[in-house]
Structure formats: C-alpha cells, structure tokens
Amino acid sequence: MGQHKLIFTGPVGAGKTTAIASISDEPPVRTDELASDMTKQRKPETTVALDYGVMHLPGDEKLHLYGTPGQERFDFMWDILATGGIGLMILINNNRPDPLKDLGFFLQRFDTLIQSTAVGIGVTQRDLKADPDITQYQQLLKQMNIKAPVFEVDARSRTDVSLLVQALLFTLDPGLKPEMENEYVESKTA
Amino acid sequence: MSTEQTLKINIPGANTGLVNIVRAFVRQRYQLVENEQADVCIIDLDSHKADSMLASIREQFPVRPIIGLSLYDIDDDNIVHLKKPFRPDGLTQVLDQVKLDLDVPRIIVKDNNKGSLSKAASAVSDVKIGKQRAIAQNGIINRSKTEYYNPSDFLQGELIKAYKKSTGVGLNLRLEAWWNPIIIFPDIRKVWVDADDNQLQAYCRLPLKRFAKLQESTEKDVKLTPEPLLDMKKYAGSLQPMDAFLWKVAWWNAGGQLPVEISENDLIYLKHWPNITRYLCPDNVVQICAILHQGPVAARRIVDEIGFDAKEVFSLISAANSLGLIVKDEGKAPTVSVDVAEPSETVKQDTKKRKPKNTGLLRRILTHISRR
C-alpha cells in the first residue's frame, strides 16, 4: 500500500485549507484555532498544526494532502511535513501587503523540495486586489531561475485547484498519459 | 451529436452484398438505419444510379455528409472519397472522421438584428463542409497538411493593434470591424463586447474582409475611435480580461492552423505558462503547455510523437503566440524529449531535476484528479 504526500504551503489566508478540501476524497481534517496574534486581523480562525486531506488511488494507494500552518512561528513543522513530498503547491494571497515577497520567501524556504521535485503556484484573492498581476509573479520566478506554472486560482474551485495539480504533474513529467479506463478499473480492483 | 452517440449510416440504392460488407465492417460501432434517420450516407459512385441518388440526397439533406465509394478518383470536394477496394479499417477511419466532424459543436447564431452575423454563420457552415473533404484516399487517412493563417487578416490582428494603441496612450478605444463594437479599457485591462461566446466564435471563423463583403459595406477599414466613458455600470457584467479575450479570439481565428510566422518545424517554447485557469482550456492544454514550457520543440513533433490532435496543438500555439508567449529558439537552448512510453528525460535544461521515478504514481494521480 503506497503512501505519498503532496504539500500545500503559503501565508496565512492564502486558501490552503480550502484548496485541500476542494480536491480531497474525504472531508479534510482541520486544526483551526481562534487566532490570538496578528493573524486575527486577517481571519478569526487559522491553522495551527496542519490540514489533512487524502486522495484514494487504485490499489489502496493514498496521496496525502498536507497543508502547512501559515504562521512562521510554526515553521518547525514545515520540514517535517515536506520530507518525501512528490511536489509542492504554493498558494499566495494577492490581497496581502507584499505577495511577491511572500512568494520569494516560500520558494527559498522550500528550495530543497522544489529542486528535487517541482512546484505549482496559485495566486488567490485577485478579485480583491488585482496587483501584482500574474506577469509580475512570472518575472520573479525568472529572476530566481525557477520554471513553474503560476495560475490565478479560486481555492474553492475544484477545477482551478485540479488544473494546478495537473500542471505540477506534467511539469514533473510532460510525457505523462492518464491510465486508460480498463487499466484504471483493473488497478482499482487489484 | 455527443461522442457517446452512435453514428447512423444509410446506404441508399446499395445491393445486399455491399450492405452486408459494410454491416460486417462497422458492426457494433455504427448503426445502419433508414434514410430519414441517418447522419451520413455511403453511396457507391460506380453504380448506374449514383448520380440520381446523390442529387436526391443533396436535395433532401443538404448538410448531410456523403461518403463516396469508387474505383476512380473523383472530383467533388463535397464528397468524402473512399477508394475501392477498401479495407475495414479504412472505412472505420473515414466514419470516425465524419463522426468527429459532426461532433464539433454547431454554431447557432440568433438573428437578433445581427443579419450580418447570420450570413457569417452560413458562410462558416460552408467553410466547414468544404473542409470535411479530402480525408481519405485508398482508405487511409493522410496526415493532414499543416495549414497557416495570417492573424492580420482576422480580428486577432486588429485586436492586438488596438490593445497596443489603447495601452500606449492610456485611452479607452472602440474597435469596429463589421461587427459589434469591442471596447477596450486599458486601465482595468478589460474588454467589453455585447455578444456571447457562440457569436464571437462564429465571427472569428472568417477573415474580416469576408464580413465587409457580406455586409456590402462601403467602409474599407476597421475603425478605431476613442470611447467616451459615460457610465461604467453600463458595461458591468460583460467585461472580460484583455488577455483571456485575445487568447480565445486567437484560438478561434486559428481554427487549427498555425500563424504564418511559425513553421511547423520551428523549434519553439513557451516563455512562461499561460494563466490557463482563466483562459479557454480544452482537455490537453495543460500537457501541451508543459511540453512547450520545458524547452524548444517543433509543433509537428508534438503532434507526431505525443499524438495530440494537430488542430488543438496549433490553435494553442496560435493563442499563446497572440499573447507574446511563444519564443523561437535561436539555437542556444537544448531541445526536449517528449517520449510517452517511458518517463521522459524532459528537463535536460535543468540538470538539477531528477528523472521521475514514480511515473506510475503520477499517472494514477492524474487519472484520479482528471476523472472526478
């Protein structure tokens, strides 16, 4: 029975919990608490340990979806969660004071995982604040010599989150082909 | 017609032998029916009644595709020719192609005082019917010849010029090209047009000059004029992001062709990923973008080696090119591999990346997330 991990990270209020919920096969486990620090100015509850969702793959395999806590004081959790991940999803809240700086921070912080796998970047809340636009994120990635998909994302939209995950998978292997119907059924019943 | 529906075939005037042969060849995949219910007709053009049957079918069902069987070459663009003797796979390939063409959503354009658009839609139908031909010779579908279009002949070219001008001077502009006005708001990076996507798609199928002729217009040029902003509320609800609008216009203008400035064998790559969650995004867009983003590759190679529909690949390249995302390789960057069977060594450019060891897992995740 294979156990695998996909990591969601990003600052407070970026939509990590929501994104995991939108693609998880089971209701996600959440560890929200009332925020007691600066975070409460942004949202009343925040993730203090981790978010957890799961995708049930054929053959009893599981893809565990872990969301890191957004607050930096819990960053000791990040390395533990990220170890062995198949890839990284960074969600950036465009409505924060300096979202480009946020992205730079998370790219550097998870550099080891990114270098060995791949990263997909979702920009949320662009309806609330349009700047910076997606091109500016692309420019930052170019400066940092990182090739990654960056999409505008509504974390509540399964389609948006799914497209970002697919882009991550194809970045890992552009020649990937979905399993055929009979393959999928056979492996599911194996 | 949805892809799940069975294609219904009629073989008017055929002898029992031909009917039995066709029935045996297409068993379980297609259905033989009476003339009235058929989606497509198969006619033996060598039979003595062929001409009268052809005339009768065309009179009764003017848009129904016709597959003509003949020992000889035929000179009729409105018939899909299958040369005799044909093999079972030849017949099924032709039928598959006809079904595919029928599956393309029909463009329905209401008149709504837009008479020119209705004419345009009719013209689009004519173009489409013409393009269904020349599918098969000797029962083998030829690799389609790459076709090119000139964006300057279509809305795409005028839109790009208007975008540049509008953003350059920071002025709202109204673009009129023998159709509904398109208003560009550079400050908020949005456009407004009073039409839905079906209408826009129909308009995008033809070069602008054709619209001028259809309307018998005395105007020779596209008009680009300042748009006084009276009340922004008037436009609310129908505003679309400029880049997403141009992307889909270019996709539809291309109609499965490459822009003239990009040859099918040019090594090209994507400067960066398009924002595809907000763009027209058919099934394989994500994967084609990933291939083009890895490094230089020829459009023809993506079609031949990965096996994607050439029209989809070429339309995507056209759309990305309209946004300035396609870069032609100047021989500096290495080329990429697009192998399918094995985990690809795609990222020669980025030597730090490992060859994926877990392709099976990635495939299962992809299947799972695409399926739900």
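This one's a predicted model, so the numbers in the text were calculated from it and none came from an experiment. Per chain, residue numbering runs from 1 following the sequence as it is written. All chains are assigned letters beginning at A, and all ligands numbers beginning at 1, according to the order in which they are written. In keeping with the model being predicted, local features are shown solely for residues with a pLDDT of at least 70 and side-chain atom pairs are shown and tallied solely at 80 or more, while totals for entire chains, interfaces and linings include all residues. As a convention, hydrogens and water are excluded, and side-chain values are obtained from all of the structure's heavy atoms.

On to the overall build of chain A. Looking only at helices and strands, chain A has seven helices and eight strands in total. Between buried and exposed lies partly exposed: a residue is buried under 20% and exposed over 50% of the maximum accessible area for its type, with that area taken using a 1.4 Å probe on protein chains only. In chain A, which comprises 190 residues, the proportion classed as buried is 57%. Within chain A, contacts between residues separated by at least 24 positions form 67% of all contacts whose residues are at least 6 apart in sequence. Surface summary for chain A: the accessible area is close to 8200 Å², and the carbon and sulfur share equals 52%. Secondary structure elements follow DSSP: runs of H or I no shorter than four residues count as helices, runs of E no shorter than two count as strands, and numbering proceeds from the N terminus. Residue contacts follow a heavy-atom distance rule, with two residues in contact if any of their heavy atoms lie within 4.5 Å. Using the Shrake-Rupley algorithm and a 1.4 Å probe, accessible areas are obtained, with residue cover drawn only from the displayed protein chains.

On a scale of 0 to 100, pLDDT captures the predictor's confidence in every residue. Taken as a whole, chain B shows an average pLDDT of 78; of its residues, 75% reach a score of 70 or greater. Note on residues 339-354 of chain B: pLDDT is under 50 here. Beyond four places in sequence and across chains, it has 35 contacts.

Before going further, it helps to spend a moment on helix α3 (residues 99-109) of chain A. Residue pairs spaced three or four apart in an α-helix point in one direction, given the helix's 3.6 residues per turn. When we look at burial in α3(A), the residues that qualify are Pro99(A), Asp102(A), Leu103(A), Gly104(A), Phe106(A) and Leu107(A). Looking at the buried positions of α3(A), the neighbouring elements they touch are β1 (3-9), α2 (76-82), β6 (85-93), α4 (111-116), β7 (119-124) and α5 (134-143) of chain A.

Moving on: the packing of aromatic side chains. The rule is short: rings of Phe, Tyr and Trp, with Trp giving its six-membered ring, pair when the centres are within 6.5 Å, and they are stacked under 30 degrees, edge-to-face over 60, tilted in between. Summed over the entire model, instances satisfying the criterion amount to 10 aromatic pairs over all chains. Residues Trp78(A) and Phe110(A) carry aromatic rings whose centres are separated by 5.7 Å and whose planes lie at 25 degrees to one another, so their mutual orientation is stacked. Of this pair, Trp78(A) sits in helix α2 while Phe110(A) sits in the loop between α3 and α4, and the two are 32 residues apart along the sequence. Judged by centre distance (4.2 Å) and plane angle (15 degrees), the rings of Trp179(B) and Tyr203(B) are stacked. Within this pair, whereas Trp179(B) is found in the loop between β9 (173-176) and β10 (182-185), its partner Tyr203(B) is found in helix α6 (residues 197-204), the two being separated by 24 residues in sequence.

Moving on to the interface of chain B and chain A. Contact with chain B, which involves 41 residues of that partner, is made by 47 residues of chain A. Summed over both partners, the accessible area (1.4 Å probe) lost when two parts come together is defined as the buried area. In total, about 4300 Å² of surface goes out of reach between chain B and chain A, with carbon and sulfur atoms giving 59% of it. Three residues stand out in chain B for area buried against chain A, namely Arg363(B), Leu366(B) and Ile369(B), and they jointly supply 15% of the buried area on that side. For this document, the term salt bridge refers to a Lys or Arg side-chain nitrogen within 4 Å of an Asp or Glu carboxyl oxygen. At the boundary of chain B with chain A, the tally comes to three salt bridges. Counting of polar contacts relies on pairs of N or O atoms within 3.5 Å, with two restrictions inside protein: one atom must be capable of donating a hydrogen and the other of accepting it, and residues adjacent in sequence are counted only when both atoms are side-chain atoms. Taken together, the connections running from chain B to chain A amount to 14 residue pairs in polar contact (both at pLDDT 80 or more).

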